[in-house]
Amino acid sequence: IGRENRLRDGLAAGEVVLHYQPQYDLTSGTLVAAEALVRWEHPEEGLLLPGAFLHVLATGHLRRALTEVVLEQACRDLATWGADTHGVSVAVNVSADELTDPDLVDRVRTLLRRHGVPGTALQVEITEQVVFADLSSLRRTIEGLRALDVRVSIDDFGTGYSSLHHARQLPVDALKIDRSFVRGCVEDPHDASVIASVVGLAEGLGVDVVAEGVETEAQLEAVRRLGCDLGQGFLWSPAVPPEQFHGLLTARP
Ligand code: G
Ligand code: G
Ligand code: NA
Ligand code: MN
């Protein structure tokens, strides 16, 4: 509970920040989006990754506070970059559980308006335990977000139970293939066939496929050949601070 209080204070003090990991179109090679990943700039412990503190968010109240900070910062950074974004959008992570909150769409609409950011600049990745969420509430939120032009994707696709059920039930724009499948896709035909199946499913549903955790040229070649549309991973870049991501935006050809 000490840790929880400390995180609450850290959120209020602006110690929780976003880093951005670029995402590329695998056909054209252009930068198209970034995933916003939280980092805690802890005054004593240094830069902490989500694995070191997200589990502290036991209470709904604190999770909501984190999401508010994340949405606010993403919108603020998008507003700062302005025309330099040239259509590059930012994807924030929100847990399935929080997406069942009937207030979420209003909160997103208010933030977009306050920062003068178009909905097309924002994306939401549904992370964690889609299985346990109330699907009809989740669907309502997704429809509300998409009515604001905010695109929605399912994160870590292929790892949860009943992924197929969720892909069919939820009106999303993209599926993000979990990086555990990308890791083995060059050597292991089973991993490659999982990716091929997700691509086939996505084609049937008319949605995009993002390959996460691309680390090598061989993996890039494989996921491209298997039909993934977009890629993200250490091959290009880890998540970087906002100023550095702005540099990537302005350096584009
Ligand atoms: O780099 P990495 O350690 O950043 O992220 C680890 C995990 O933390 C990922 O599964 C990611 O989805 C999750 N994560 C990162 N940022 C956020 C966030 O803002 N909200 C939520 N709910 N999860 C996040
Ligand atoms: O899917 P999730 O939101 O969990 O993914 C974000 C996490 O994946 C972050 O922890 C990020 O640092 C990590 N990540 C991003 N690219 C790569 C990669 O190429 N390889 C590995 N191993 N992890 C990556
Ligand atoms: Na994610
Ligand atoms: Mn993921």
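Our subject is the structure listed above.
These figures come from a predicted structure and were not determined experimentally. (Residues numbered from 1 in each chain as written. Chains lettered and ligands numbered in written order. Predicted model: local features only at pLDDT ≥ 70, side-chain atom pairs only at ≥ 80, totals over all residues.)

1. What to know about the site of ligand 2
As a matter of local geometry, ligand 2 sits amid 15 residues, with D155, G213, E215, G233 and F234 nearest to it. Residues belonging to the shell around ligand 2 are distributed by class as follows: five nonpolar, five polar and five charged. (Near = placed C-beta within 6 Å. Nonpolar A, V, L, I, M, F, W, Y, C, P; charged D, E, K, R; others polar.)

2. Remarks on the nonpolar core
Across soluble globular proteins, nonpolar side chains show a tendency to be buried alongside one another. In terms of nonpolar packing, the biggest core is built from 69 residues, with V90, I177, I195, V223 and C228 touching the most fellow members. Broken down by element, this core gets its largest block of residues, six residues, from strand 2 (residues 31-42). Sequence-distant contacts of I195, defined by excluding residues within four places in its chain, comprise I177, F181, C185, V223, L226 and C228. (Core = buried A, V, L, I, M, F, W, Y, C linked by C-beta atoms within 7 Å. Buried ≥ 20, exposed ≤ 12 C-beta atoms within 10 Å, placed from the backbone. Helix = DSSP H or I, 4+ residues; strand = E, 2+ residues; numbered from the N terminus. Contact = placed C-beta atoms within 7 Å.)

3. Observations concerning the pairing of strand 5 (residues 122-127)
Burial analysis of strand 5 places six of its six residues in the buried class, the great majority of the element. Along strand 5, one buried face is formed by L122, V124 and I126 and the opposite face, lined by Q123, E125 and T127, is buried too. Of the strand pairs in this sheet, strand 4 (residues 89-95) and strand 5 are connected by six bridges, and their pairing is parallel. Residue pairing in the sheet places V90 in a bridge with L122 of strand 5. Summarising the sheet, strand 5 and strand 6 (residues 151-157) pair through four bridges and their orientation is parallel. Directly across from I126, in strand 6, lies its bridge partner I154. (Pairing = 2+ DSSP bridges.)

4. A few points about the site of ligand 1
Residues in contact with ligand 1, as listed here, are L37, V38, L49, P50, G51, L54, V70, N93, S95, T127 and A239. Contributions of two or more residues to the shell around ligand 1 are made by strand 2 and strand 4. Partitioning the shell around ligand 1 into residue classes produces seven nonpolar, four polar and no charged.

5. Details of the packing of helix 8 (residues 189-205) against helix 9 (residues 217-226)
Two elements in contact, helix 8 and helix 9, have axes whose closest approach is 9 Å; the angle formed by their N-to-C orientations is 40°. Classed by the angle they form, the pair helix 8 and helix 9 counts as oblique. Crossing geometry of helix 8 relative to helix 9 is assigned as right-handed. In contact with A192, I195, A196 and V199 of helix 8, helix 9 contributes A222, V223 and L226. Along the lines of polarity and charge, the residues of the contact of helix 8 with helix 9 split into seven nonpolar, no polar and no charged. (Axes fitted to C-alpha atoms, helices over the stretch in contact; angles between N-to-C directions. Parallel < 35°, antiparallel > 145°, perpendicular 65-115°, else oblique. Left-handed = near helix turned anticlockwise from the far one by under 90°.)

6. Remarks on the packing of helix 1 (residues 2-12) against helix 2 (residues 60-81)
The packing of two helices is summarised by the inter-axis angle and the distance between the axes. Running from N to C, helix 1 and helix 2 cross one another at 25°; their axes reach a closest spacing of 10 Å. Regarding the angle of helix 1 to helix 2, the classification is roughly parallel. Judged by the sense of rotation from one axis to the other, the crossing of helix 1 with helix 2 is left-handed. Side by side, helix 1 and helix 2 meet where E4, L7, R8 and L11 of the first sit next to L62, A65, L66 and V69 of the second. Of the residues belonging to the contact of helix 1 with helix 2, the class tally is six nonpolar, no polar and two charged.

7. Describing unusual backbone geometry
A positive phi angle, near 45°, is found at H86, a position not held by glycine. Along the chain, H86 falls in the loop between helix 2 and strand 4. Residue class for H86 comes out exposed when judged on the 12 C-beta atoms lying within 10 Å of it. At D149, a position not held by glycine, the phi torsion is positive, near 75°. Note on placement: D149 falls in the loop between helix 5 (135-147) and strand 6. Given 12 C-beta atoms within a 10 Å radius, D149 is considered exposed.

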